[in-house]
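As a plain string of letters, each chain reads:
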Amino acid sequence: MLAAQLNAPEDLKLVEKDRPTAGPGEVLLKIEANTMCGTDYRLYTGAKTAGVRGGVVPGHEIAGRVEEIGEGAEQIVPGLEVGQQATVSIVVSCGYCRNCLNDREHLCVNLELFGYAIDGGLQEYMVVPERALRRGNLITTSEELDPKALCLAEPISCCLNGLDQFKVEAGDTVAVLGAGPIGLIHAQLALASGAKHVFVSNRSEERRKVADRLGAIGVGPDELAERVAAVTDGAGADVVIVCIGAPDLAQEALELAAEGGRVNYFAGFPKGSTSEMEPNLIHYKELKVTGGSNARRRDVVRAIKLLEKGVINVGEIVTHTFPLSKVKDAYAAVNDRLGVKICVVPDSLYQG
């Protein structure tokens, strides 16, 4: 089978490997699609190295189908059948560290991640190891989904984890800084939560048009504050979500927020980066400031339910598809910000 293999930063090889089999307690997935995110490119360049195993198969936004069930796996996951559509919750947690015991499994101090330490979805077949199966990381669908939609369960689950922290309430005005896939997903979740106005800020006119088509309001960064003020009588946004890892946006988000507002730094910032911020804005406005990283297994289940209900417009998010044999072109497309989100599929499923 074909597989992408990341040996070291900027050393990505397309290799031929023996097709794996499902050992005791394991499940073999036949990969149908794998979407890519900015983190995948950061792993490629070496900007992110923590927890990354040399020679790993990248890819953590995975859609597959159960191809083979190893001995004893049915006892671990009752009702599991060959042919079921499935994905994985990418955080394989230990279950016993302080964070796991306090319902923060996504922040497990001993975590392993698919696509980082465990081989991920940029290959034709993928083994779900026994330790992941026992932790409940294999998650099946109850309704058939387009594989490209199922891939989005991972980023949506992360957005849901963030949404749980800052909440969006009926009638809220929400400002989303960034119109990448994450920003556009957050915009759709905010609208589904009953927000009255959802502004999505981006320099790209094309991305702003996508936001408009999704029911949000695409605006340029220079006009965002004025547009928010116009619909709130100058009060500011109830929720501000930072979806671009630009340090200067940390202060801008505080300025945009209304008194009693919620600010979420959802994007990952460059390691070691700092930002000048005015803490009095938090103090006098009584702002609630949160972050957001990864997701729990139950968040993935919630994400799949939203996809099954059609809450997320997949066609506006997943815009370009590459065959696995052209995976390097897919990485280049991510770097070039082609469309919104890039998908890689096995060559046998590629339709051009």
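Every chain's residues receive numbers from 1 upward, in the order its sequence appears when written. Local features in this predicted model are restricted to residues of pLDDT 70 or higher, and side-chain atom pairs are both shown and tallied only at a pLDDT of 80 or more, whereas totals for entire chains, interfaces and linings draw on every residue. The basis for every side-chain value is the complete set of non-hydrogen atoms in the structure, without hydrogens or water.

Caption draft 1: The pattern of salt bridges, seen in detail. One side-chain nitrogen of Lys or Arg within 4 Å of one carboxyl oxygen of Asp or Glu is enough to make a salt bridge. In this structure the tally under the stated criterion is 22 salt bridges. For Asp119, the salt bridge is made with Lys17, and the minimal N-O distance between the two is 3.8 Å. Highlighted residues: Asp119 in the loop between strand E7 (112-113) and strand E8 (125-128) and Lys17 in the loop between strand E2 (11-16) and strand E3 (27-35), separated in sequence by 102 residues. Only protein chains enter the accessibility calculation, which uses a 1.4 Å probe. A residue is then buried if its area is under 20% of the maximum for its type, exposed if over 50%, and partly exposed in between. By relative accessible area, which is 22% here, Asp119 ends up partly exposed. Close ionic contact of Arg262 with Asp172 constitutes a salt bridge, the shortest N to O distance being 2.8 Å. Of the two residues, Arg262 is situated in strand E14 (residues 257-265) and Asp172 in the loop between helix H6 (153-166) and strand E10 (173-177); the sequence distance between them amounts to 90 residues. Relative accessible area serves as the criterion here: at 12%, Arg262 is assigned to the buried category. Judged by relative accessible area, Asp172 falls into the buried class, the value being 7%. To qualify as a helix, a DSSP run of H or I must reach at least 4 residues; to qualify as a strand, a run of E must reach at least 2; elements of each kind are numbered from the N terminus.

Caption draft 2: Inspection of the packing of aromatic side chains at higher detail. Side-chain rings of Phe, Tyr and Trp (the six-membered ring for Trp) are treated as a pair once their centres are within 6.5 Å; stacked means planes under 30 degrees apart, edge-to-face means over 60, and tilted covers the remaining angles. Applying the stated rule across the entire model yields three aromatic pairs. Judged by centre distance (5.6 Å) and plane angle (50°), the rings of Tyr41 and Tyr44 are tilted. Of this pair, Tyr41 and Tyr44 both sit in helix H1 (residues 38-45), separated by three residues, roughly a single helical turn. Judged by centre distance (6.4 Å) and plane angle (80°), the rings of Tyr265 and Phe269 are edge-to-face.

Caption draft 3: Geometry of the sheet that holds strand E11 (residues 197-201). In short, DSSP must find at least two bridges between two strands for them to pair. The sheet built from six strands is open, its strands ordered E12-E11-E10-E13-E14-E15 with parallel pairing. One side of each edge strand has no neighbouring strand; the edge strands of this open sheet are strand E12 (217-219) and strand E15 (288-291). Across the sheet, the mean angle separating the axes of adjacent strands is 20° when strand polarity is ignored. Relative to E12, E11 runs parallel, the two sharing three bridges. By the bridge assignment, Phe199 is partnered in E12 with Ile217. Sheet strands touched by H6: strand E13 (237-242), E14 and E15. Its angle to E15, the strand with the most contacts, is close to 160°. Note on contacts: a residue pair qualifies if any of its non-hydrogen atoms lie within 4.5 Å across the two residues. Here an angle of 0 to 180 degrees is reported between the N-to-C directions of two axes, which are lines fitted to C-alpha atoms, with helices fitted over the stretch in contact. Those strands touched by helix H8 (residues 205-213) are E11 and E12, and its axis lies near 165° from that of E12.

Caption draft 4: Up close: the UniProt feature "domain: Enoyl reductase (ER)" (unreviewed entry) in the protein. What UniProt calls "domain: Enoyl reductase (ER)" (unreviewed entry) maps, in this numbering, to residues 7-344. Spanning residues 7-344, this segment combines 32% helix with 25% strand, and its end C-alpha atoms are found 19 Å apart. UniProt positions are given in the numbering used here, feature names are shortened, and annotations may be inferred rather than shown by experiment.

Caption draft 5: Expanded view of the environment of Ser201. Mapped onto the elements of the fold, Ser201 is located in strand E11. Sequence-distant contacts of Ser201, that is, excluding residues within four places in its chain, are made with Val176, Leu177, Gly178, Ala179, Val219, Gly220, Pro221 and Leu224.

Caption draft 6: The packing of H6 against helix H7 (residues 181-192), seen in detail. The N-to-C vectors of H6 and H7 enclose an angle of 55°; their axes lie 10 Å apart at closest approach. The angle between H6 and H7 places the two elements in the oblique class. Crossing geometry of H6 relative to H7 is assigned as right-handed. The segment H6 lies against H7, with Pro155, Ile156, Cys159, Leu160, Leu163 and Phe166 engaging Ile182, Ile185, His186 and Leu189. By residue class, the composition of the contact of H6 with H7 is nine nonpolar, one polar and no charged. When an angle is under 35 degrees it counts as roughly parallel; over 145 it counts as roughly antiparallel; between 65 and 115 it counts as roughly perpendicular; any other value is oblique. Helix crossings fall into two classes, left-handed where the near helix is turned counterclockwise from the far one by less than a right angle and right-handed where it is turned clockwise. Charged means Asp, Glu, Lys or Arg here, nonpolar means Ala, Val, Leu, Ile, Met, Phe, Trp, Tyr, Cys or Pro, and polar covers whatever is left, Gly included.

Caption draft 7: Here's a closer look at the pairing of E11. Where burial is concerned, most of E11 is hidden: five out of the five residues are buried. Side chains His197, Phe199 and Ser201 of E11 all project onto a buried face; the interleaved residues Val198 and Val200 project onto the opposite face, where all are buried too. Taken together, the five bridges between E10 and E11 define a ladder with parallel strand orientation. Residue pairing across strands places Leu177 opposite Ser201, the latter belonging to E11. Each parallel crossover has a hand, and for E10 linked through H7 to E11 it is right-handed. With H8 bridging E11 and the parallel E12, this β-α-β connection has right-handed handedness. Here, the term right-handed applies to a crossover whose path from the first strand over the helix to the second runs clockwise when the strands point away from the viewer.

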